Amino acid sequence: MNHPVTQELANELTAGWSAVGVSRPHESAELHVLGQATYTDDIPELQGTLHAALGLSAKAHARIATLDLAPVRAMPGVVAVLTADDIPGTNDCGPIIHDDPILAQGEVLYVGQPMFIVIADTHTNARRAARKANVTYEELPAILTPQQAKAANSYVLPPMRLERGDAEAAFARAPHVARGELFVGGQEQFYLEGQIAYAIPKEGRAMLVQCSTQHPSEMQHVVAHALGLNSHHVTVECRRMGGGFGGKESQSALWAAAAAIAANYLKRPVKLRADRDDDMMVTGKRHCFWYEYEVGYDDTGRILAARVDMTLRAGFSADLSGPVATRAVCHFDNCYYLSDVDIRAGCGKTNTQSNTAFRGFGGPQGAIAIEYVIDEIARNLGKDALDVRRQNFYGIGERDETPYGQAVVDNVLPELTAQLEESSEYRARRAAIDRFNAASPVLKKGLAFTPVKFGIAFNVTHLNQAGALVHVYVDGSVLVNHGGTEMGQGVNTKVMQVVAHELGLDLRHVRIAATDTSKVANTSATAASTGADLNGKAAQDAARQIRDRLAAFAVTLHGGDVADVHFFGDAVHVNGVSVPFAELVQKAYLKRVQLWSDGFYATPGLSWDPKTMRGHPFQYYAYGAAVSEVVVDTLTGEWKLLRADALYDAGRSLNPAIDIGQVEGAFIQGMGWLTTEQLWWNDAGKLMTHAPSTYKIPAISDCPEDFRVRLFEKPNVADSIHRSKAVGEPPLLLPFSVFFAIRDAISSVGGHRVNPPLNAPATCEEILRAIDAVAAQSQSLQETNFQKSGSDPEFGKLSH
Ligand code: MTE
Ligand code: HPA
Ligand code: MOS
């Protein structure tokens with residue numbers, strides 16, 4: 001049924017009543033604070049529950065010569081020990097390509113790879129026993145870094161390439177060329193709740209798996225395949241996660257499958273909860289990237305030609321590396337029009353954990369490379385980096401086509417960056433910092449302004465669909481199932497708001513049930529920041545069908561026109577009469593009106609051709625920008641973020657409070673990625689930073705004292721849910737400004753004449769290394785200048 005009431009008229013009729021576009025607390029906030037929110041490990045255990053642990057490989061690449069499990073079986077409390085031979089179905093948990101064994105068979109491909117499952121009476125007994133196996137290995141050569149992978153032509157997928165224009169010819173014309181290399185490290189998801197699955201056998205070989213996962217349907221498939229069952233035998237449920245950040249998009253599968261294999265074997269409930277160290281040793285992380293780049297530009301800083309070759313550390317299997325690399329390729333442009341480009345990406349196969357989704361999904365890694373380049377162009381030309389960025393922005397109505405062929409039709413960057421430039425007092429602070437640095441020999445300040453454009457939609461087109469189920473009970477209360485999963489980001493709160501808005505109800509009348517594959521089928525992962533976009537639309541579709549039936553029924557009781565029936569303030573307003581919602585529902589029930597409905601949504605207008613790497617992969621873009629100011633101690637490499645201003649384009653925000661929380665969280669998480677969070681593997685391929693004692697995520701004391709996060713509120717031009725924009729991932733790119741502010745501070749050591757060779761993470765050691773390099777280079781520069789006794793005409797061409 002159509003809804004002829006325009007938004008304006010509806011606002012008038014509802015006297016401004018709205019359940020969306022308003023700040024509301026997270027629906028579980030009270031439970032979180034009281035410690036009453038149920039996470040998977042909090043579910044009361046059934047009688048007879050056993051506990052599992054995984055036995056892990058000690059070698060990066062080896063043939064398993066002997067695997068003696070007798071000492072494991074002899075340990076106290078051990079009930080069973082299972083290997084790949086005990087898997088009744090397929091030994092695979094790979095989400096796209098089936099190259100990902102649940103348990104290693106014959107060969108191990110990284111340190112930490114699971115080889116067997118121990119099931120014992122307690123969690124501790126299982127973990128103790130898991131270490132007792134006698135394993136002998138025949139070691140094989142291991143590839144550990146992306147550089148080694150490229151040199152060995154070792155890839156999990158064929159390398160990809162996106163070309164537009166004629167880079168060769170454009171380089172030939174370019175007055176200046178800069179080239180170099182950059183390394184950007186990976187990142188551990190560090191969800192507070194680790195990986196966990198609790199498998200409960202049901203009658204007739206069926207299996208219920210309670211699992212901390214962003215992707216219940218994928219867990220259902222993997223468990224069904226591993227057990228040799230059909231999907232309808234397997235139910236996967238997730239009430240909430242204590243964070244996922246991409247790490248539970250595909251990689252919850254290993255844990256779900258292992259728990260289900262054990263539960264199926266013993267016909268008893270089995271829980272598998274990863275200890276933090278095991279979680280970090282076993283699971284994949286954000287991909288580290290190694291870039292080789294070359295850019296041609298003119299005197300104004302405009303980029304004329306660009307070439308980049310990105311090599312990702314994919315790890316031992318493909319996992320989601322293909323779509324991650326694709327997103328990196330499609331975000332190398334970030335906010336800039338690149339007429340003639342050649343972008344390549346190779347997913348290096350290495351003997352390390354299989355890297356996976358992490359907030360941004362390759363987007364941050366693609367975009368940081370061009371930002372690094374622009375930062376250099378600005379320094380080479382002696383210009384302010386913001387001016388060079390602006391010089392390269394996508395145009396409006398011209399210079400607006402991305403390298404992959406999608407036109408940028410919703411560019412709010414000129415307005416957004418102008419607002420932030422003013423509110424952050426960027427120019428005045430730049431001048432103040434120059435004065436500070438001139439008078440401060442050891443402490444140096446730095447400032448950077450970085451913009452973001454991020455494509456919203458799964459870059460695998462068919463994943464852009466969602467379903468929902470809305471029940472209105474006879475008492476007028478509403479229960480919603482949707483395909484999204486709650487990981488703290490607030491998707492349930494937003495979907496509640498959408499349903500409440502359609503039915504004109506206060507939020508307390510609406511509840512969201514746990515995500516459950518037996519309620520909504522064939523769901524996509526809650527990922528790509530699309531949780532509220534997709535599930536909000538699906539739930540709206542369901543709620544609208546119920547509302548339309550109730551409106552038609554109300555007219556049969558009170559007359560008038562269905563188009564003039566309005567739902568707001570917990571009542572239905574029809575032909576001059578206001579009926580309490582619950583009262584109308586009861587009457588409708590007695591007249592046998594269907595009070596529940598399913599809903600469905602598929603994002604329109606998307607296309608993607610992976611062969612040509614062209615199409616319209618995104619529904620719209622989300623934008624943002626940030627300004628960060630840091631102070632660096634040039635003797636120790638220590639630094640502090642003094643102030644950060646962020647402006648994020650949330651469209652017409654569904655819930656500004658939640659969105660601001662997402663921007664703050666993503667900012668600090670992205671800052672951790674680029675500064676303190678260092679993944680370090682030793683020469684034998686063992687990850688040595690596998691616990692919070694050695695892996696440093698940001699703490700509250702690392703947050704800037706002066707943190708100004710605002711939303712740029714302007715309706716989405718795309719027909720998204722209530723014209724809002726996604727918020728989950730894009731703000732992770734905002735702390736590029738922290739990284740480049742550090743680089744700016746370092747560069748002041750050499751009078752801003754030398755490009756600091758700064759890799760990420762910019763740890764204190766890395767900062768010191770870059771300071772030394774700058775000092776050495778500017779020393780030799782001074783000597784050359786002195787000899788020439790004049791200004792250096794080559795200065796503009798400097799690059800490291
Ligand atoms: N916020 C919290 N609190 N916890 C999380 O795990 N994951 C992020 C982001 N925000 C995450 C989060 C990631 S990686 C994505 S893709 C989105 O939330 C997913 O949720 P959404 O699509 O509903 O925004
Ligand atoms: N984001 C997250 N997960 C995905 C994507 C994406 O863009 N594409 C396929 N899986
Ligand atoms: Mo988010 S990386 O798409 O789960």
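Whatever comes next refers back to the structure up there.
Residues numbered from 1 in each chain as written. Chains lettered and ligands numbered in written order. Predicted model: local features only at pLDDT ≥ 70, side-chain atom pairs only at ≥ 80, totals over all residues. Heavy atoms only, no water.

Student: Tell me about the pairing of strand β15 (residues 341-349), and name the residues and values.
Tutor: Within a regular beta strand, the side chains point alternately toward one face of the sheet and then the other, so they alternate between its two faces. The buried fraction of β15 is high, at seven of nine residues. Bridge analysis of strand β7 (residues 160-164) against β15 gives five bridges, and the strand direction is antiparallel. Of the residues in β15, the one forming a bridge with Glu 163 is Asp 342. Between the parallel elements strand β14 (residues 303-315) and β15, the chain passes through helix α10 (residues 321-329) in a crossover that is right-handed. (Buried < 20%, exposed > 50% of the residue type's maximum accessible area, 1.4 Å probe, protein only. Helix = DSSP H or I, 4+ residues; strand = E, 2+ residues; numbered from the N terminus. Pairing = 2+ DSSP bridges. Right-handed = clockwise from strand over helix to strand, strands pointing away.)

Student: Which residues make up the pattern of salt bridges, and what values do they have?
Tutor: Should their charged atoms come close, side chains of opposite charge can pair. In total, this model carries 48 salt bridges according to the counting rule given. Where Lys 248 meets Glu 193, a salt bridge forms, and the shortest distance between an N and an O atom there is 3.2 Å. With Lys 248 in the loop between β11 (234-238) and α8 (253-266) and Glu 193 in the loop between β8 (176-184) and β9 (196-201), this residue pair connects regions lying 55 residues apart in the sequence. As far as burial versus exposure is concerned, Lys 248 and Glu 193 are alike and both buried. For the salt bridge of Arg 743 with Glu 376, the shortest nitrogen-to-oxygen distance reads 2.6 Å. Pair noted here: Arg 743 is in helix α19 (residues 736-748) and Glu 376 is in helix α11 (residues 363-381), with a separation of 367 residues, a long-range link. With relative accessibility at 0%, the residue Arg 743 sits in the buried group. Three or more residues joined by partner-sharing salt bridges are found here, namely Glu 425, Arg 429, Lys 445, Glu 629, Arg 643, Asp 645, Asp 706 and Arg 708. (Salt bridge = Lys/Arg side-chain N within 4 Å of Asp/Glu carboxyl O.)

Student: Before we move on, could you go through the sheet that holds strand β23 (residues 577-580) and cite the residues and values that matter?
Tutor: Pairing in this open sheet of three strands is antiparallel, and the strands run β21-β22-β23 from one edge to the other. The outermost strands of the open sheet, each flanked by one partner alone, are β21 (566-568) and β23. On average, each strand axis in the sheet is tilted by 25 degrees relative to the strand beside it, whichever way the strands run. By the bridge criterion, three bridges tie β21 to strand β22 (residues 571-574) in an arrangement that is antiparallel. Each bridged residue has a counterpart across the sheet, and for His 566 the counterpart in β22 is His 573. Of the strands in this sheet, β21, β22 and β23 touch helix α16 (residues 531-558), which is tilted by about 55 degrees from β22. Its contacts with the sheet put helix α17 (residues 581-590) on β21, β22 and β23, and the angle it makes with β23 is roughly 80 degrees. (Axes fitted to C-alpha atoms, helices over the stretch in contact; angles between N-to-C directions. Contact = heavy atoms within 4.5 Å.)

Student: Which residues make up the site of ligand 2, and what values do they have?
Tutor: Ligand 2 sits among Glu 249, Pro 323, Arg 327, Phe 361, Phe 458, Asn 459, Val 460, Leu 463, Ala 527 and Ala 528. Here Arg 327 contributes a side-chain N or O atom positioned 3.0 Å from an oxygen atom of ligand 2. Relative to its unbound accessible area of 250 Å², ligand 2 is 97% covered by the protein chains. A class-by-class count of the residues in the shell around ligand 2 yields seven nonpolar, one polar and two charged. (Near = heavy atom within 4 Å. Polar contact = N/O pair within 3.5 Å; in protein donor to acceptor, adjacent residues only side chain to side chain. Areas by Shrake-Rupley, 256 points an atom, 1.4 Å probe, with all protein chains shown as cover. Nonpolar A, V, L, I, M, F, W, Y, C, P; charged D, E, K, R; others polar.)

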